[in-house]
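Each chain, letter by letter, is given below.
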Amino acid sequence: MDQHDANRYSRQIRLPSVGEHGQQSLLDARCLIIGMGGLGSPAAMYLAAAGVGQLVISDFDRVEDSNLQRQIAHRSVDIGEPKAISAKRTLEALNPRCRITAIDWQLDDEELADQVAKADVVLDCSDNFATRFALNRQAFQSGTPLVSGAAIRTEGQIATFLPQDGGPCYQCIYPGDLEGEESCALEGVLAPVVGVMGSMQALQALLVLLGRTAGLAGRLLLFDALAMEWQSVRVPRDEACPVCAGRKAVHDGD
Amino acid sequence: MPTVAMTPHLYHFFPVLENRKITLAAGSVVELLAAINEIAPGFTDYVLDDRGALRRHVNLSINNTMVVDRKKLTDHVPDDATLYIFQALSGG
Ligand SMILES: [Zn+2]
C-alpha cells in the first residue's frame with residue numbers, strides 16, 4: 001500500500017477491525033457483482049469507494065428512463081447505454097485505481113462458473129429467481145462466498161452464504177423452481193429501499209473479505225421499510241438440499 | 001398464546017389481518033395456519049400447495065428460526081412464540 005492509498009483509506013484503516021492488513025486484503029480482492037440495477041449500483045459504488053481492488057460487473061440490460069429513480073450508478077445521459085458500461089464509467093470516476101471489468105452480455109453457464117470461481121466474493125444483485133438459483137449452485141460448486149440481496153416495494157432480504165463453513169445455501173431457504181416472480185416494474189419500489197439493501201450487501205461483502213463472518217453465518221435478514229424493522233431469521237441447513245447437503249466445512253490446514 | 005406476524009405484502013391480499021394482534025392457541029404450524037384461515041379465508045391456499053405443503057416461495061420462522069418441516073408442517077409453535085410468515089423476493 002502506497003501513501004496515496006494509506007491516505008485515501010485512512011478512515012477505514014483506523015478501525016481495529018480493518019487496519020492496514022485488512023485494507024490490503026480489500027485492495028487485493030476481486031468481487032463479482034451480478035446485476036447493475038437498484039442493488040448493484042450502490043453495492044458496486046461502496047465497494048469501489050472502500051478500496052476493493054477489482055470489480056467484475058455484469059448486466060446485459062440497457063439504462064432506461066424509469067431506472068434512474070433508484071439505480072444510482074446511472075445518469076440521464078446514460079439512457080440507452082448498456083448498464084455495465086454506464087456503471088463502469090461511474091465507478092472509474094469514483095475510484096480510478098479500482099480495476100473494473102464490465103460484462104454487458106448474458107453469461108452462459110461456463111462463463112458464469114469461471115467468473116464465480118475467480119472471485120473472492122460474489123454479490124447477487126439480480127432481479128430474477130433463475131439467476132439466483134444458478135449463482136447459488138455455482139458459488140457452492142466453487143466454494144465462493146455469496147451475498148444474496150433482494151428488494152421490492154418497501155421490503156428487502158439479505159443473506160450471505162459461506163460454502164467453506166458448511167453453512168446453508170439459498171436453496172435451503174427457498175427450494176428451487178419458484179413460482180410467482182415479481183418485478184419492480186410491476187410492483188413498484190421505494191428508491192432508498194434498494195439503496196439500503198445494496199449498501200448492506202457491500203457491507204457484508206467487506207466483512208467476508210475481512211474474514212469477519214461470525215455475524216453472517218446462517219442468517220437471513222428481512223427489512224420492512226414501512227415499519228422500520230429488521231428481523232433476523234436463523235437458517236438451518238436443509239440436509240436434503242440438492243445443492244449443499246453433505247458438504248463439509250473446510251478449515252485452514254485441512 | 002403464540003403471536004402471528006407476516007411480511008407486509010401479505011396484508012395487501014388479506015387486509016383483515018392488518019393492524020391487529022393475531023394470537024392463536026399453541027399447536028403445530030398447520031393448526032395455526034388453519035386458524036388464520038378462519039379469520040382470513042383463502043390464506044392457506046396462498047401459502048400451501050394442493051398437497052398441504054408450504055409453497056416454494058413461502059417460508060416460516062418460529063421465534064426467528066426457520067421451520068424444519070415444510071411438507072407436513074408439524075413444527076410446534078409454543079405459547080410464547082411468534083410465527084412469522086414471509087416469502088421470497090426476486091427484485092433487484
Ligand atoms: Zn442448501
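All of these numbers come straight from a predicted model, not from anything done at the bench.

Draft legend 1. Quick peek at the packing of aromatic side chains. With the rule as written, the count across this model stands at eight aromatic pairs over all chains. With a centroid separation of 5.2 Å and an interplanar angle of 65°, the aromatic rings of B:F14 and B:F43 are classed as edge-to-face. Note that B:F14 is positioned in the loop between α1 (8–13) and β2 (22–23) and B:F43 in helix α3 (residues 43–47), a separation of 29 residues in sequence. The same class applies to B:F14 and to B:F43, which are both buried. Taken together, A:F133, A:F161, A:Y170 and A:Y174 form an aromatic cluster joined through their ring pairs.

Draft legend 2. Region of interest: the interface of chain A and chain B. At the junction of the two partners, chain A supplies 38 residues and chain B supplies 21 residues. Both faces combined, the contact of chain A with chain B buries some 2500 Å², and carbon together with sulfur accounts for 54% of it. Scanning the region where chain A abuts chain B turns up zero salt bridges. Where chain A meets chain B, there are 19 residue pairs in polar contact (both at pLDDT 80 or more). Those elements giving two or more residues to the side of chain A that touches chain B turn out to be α7 (129–142), β5 (146–152), β6 (155–161), α8 (170–173), α9 (184–187), β7 (219–224) and β8 (229–234) of chain A. Here the residues of the side of chain A that touches chain B sort into 18 nonpolar, nine polar and 11 charged.

Draft legend 3. Just the environment of B:Q87, in detail. Residues and elements named next belong to chain B. Its location among the elements puts Q87 in strand β7 (residues 82–87). Classification of Q87 as buried rests on a relative accessible area of 3%. Note: C-alpha distance between Q87 and N59 (28 residues apart in sequence) is 5.7 Å.

Draft legend 4. Looking closely at the coordination of the zinc ion. Taken together, the protein ligands of the zinc ion are A:C169 (SG), A:C172 (SG), A:C241 (SG) and A:C244 (SG), with distances of 2.3 Å. Coordination at the zinc ion is tetrahedral, judged from the four donor atoms that bind it and the angles of 90 to 123° they form at the metal.

Conventions we followed
Residues numbered from 1 in each chain as written. Chains lettered and ligands numbered in written order. Predicted model: local features only at pLDDT ≥ 70, side-chain atom pairs only at ≥ 80, totals over all residues. Heavy atoms only, no water. Phe/Tyr/Trp six-rings, centres within 6.5 Å; stacked < 30°, edge-to-face > 60°. Helix = DSSP H or I, 4+ residues; strand = E, 2+ residues; numbered from the N terminus. Buried < 20%, exposed > 50% of the residue type's maximum accessible area, 1.4 Å probe, protein only. Contact = heavy atoms within 4.5 Å. Buried area = accessible area lost by both parts, 1.4 Å probe. Salt bridge = Lys/Arg side-chain N within 4 Å of Asp/Glu carboxyl O. Polar contact = N/O pair within 3.5 Å; in protein donor to acceptor, adjacent residues only side chain to side chain. Nonpolar A, V, L, I, M, F, W, Y, C, P; charged D, E, K, R; others polar. Donors = N, O, S within 2.8 Å, 3.2 Å for Na, K, Ca; no water. Tetrahedral: all angles 85-135°; square planar, octahedral: opposite > 155°, others 65-115°.

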